[in-house]
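Survey of secondary and tertiary structure
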Amino acid sequence: MTDYILALDQGTTSSRAIIFAADGQRISAGQEEFPQHFPHDGWVEHDPEDLWGSTLRSAQHALAESGLQAKQ
């Protein structure tokens, strides 16, 4: 059975999930942008629910694209 790693990246404007095989080969990826809020000049804020939701959907997309199951 091959081992896989699901890497999550929370950027400034989007969340990403990439699945790698144990040998480092990229298997699949998912990415979703989230809204930014600018309450004052020079400020940027993010809603934690947007961050969580976009991270979860990115991971689900990467899993669906790969044909793998989360337990793998």
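The present account deals with the structure reproduced in this document. (Residues numbered from 1 in each chain as written. Predicted model: local features only at pLDDT ≥ 70, side-chain atom pairs only at ≥ 80, totals over all residues. Heavy atoms only, no water.)

Thoughts on helix α1 (residues 48–66)
For clarity, the cut-off: Under the DSSP-based scheme used, a helix requires at least four consecutive residues in state H or I and a strand at least two consecutive residues in state E, with every element numbered from the N terminus. Between the first and last residue of a helix there are one fewer steps than residues, each counted as 1.5 Å, and that sum is the expected span. Only heavy atoms enter the contact rule, under which two residues are in contact if any of them lie within 4.5 Å. In protein, a polar contact means a hydrogen-donor-capable atom and an acceptor-capable atom, both N or O and within 3.5 Å, with residues adjacent in sequence counting only if both atoms are side-chain atoms; elsewhere, any N or O pair within 3.5 Å suffices.
With 19 residues, α1 should reach 27 Å at 1.5 Å per residue; the first-to-last C-alpha distance of 27 Å fits that figure. Those residues of α1 that are buried lie in contact with β1 (4–10), β2 (14–21) and β3 (26–33). Its side-chain oxygen at 2.7 Å from the backbone nitrogen of E49, D47 defines the N-terminal cap of α1. Trailing α1 by a residue or two, G67 shows a phi angle of about 80°, which is positive.

Some details on the pattern of salt bridges
Selection criterion: The salt bridge criterion pairs a side-chain nitrogen of Lys or Arg with a carboxyl oxygen of Asp or Glu, the two atoms within 4 Å. Classification of residues uses two cut-offs on accessible area relative to the type maximum, computed with a 1.4 Å probe and protein chains only: under 20% is buried, over 50% is exposed, and between them is partly exposed.
Considering all chains together, one arrives at two salt bridges under this definition. Between R16 and D9 there is a salt bridge; the shortest N-O distance is 3.2 Å. Its relative accessible area of 29% is what places R16 among the partly exposed residues. Linking E32 and R57 is a salt bridge whose minimum nitrogen-to-oxygen distance equals 2.7 Å. Residue E32 is located in strand β3, and its partner R57 is located in helix α1; the two are separated by 25 residues in the primary sequence. On the accessibility criterion, E32 (24% relative accessible area) is partly exposed. According to the relative accessible area criterion, R57 is partly exposed, its value standing at 42%.

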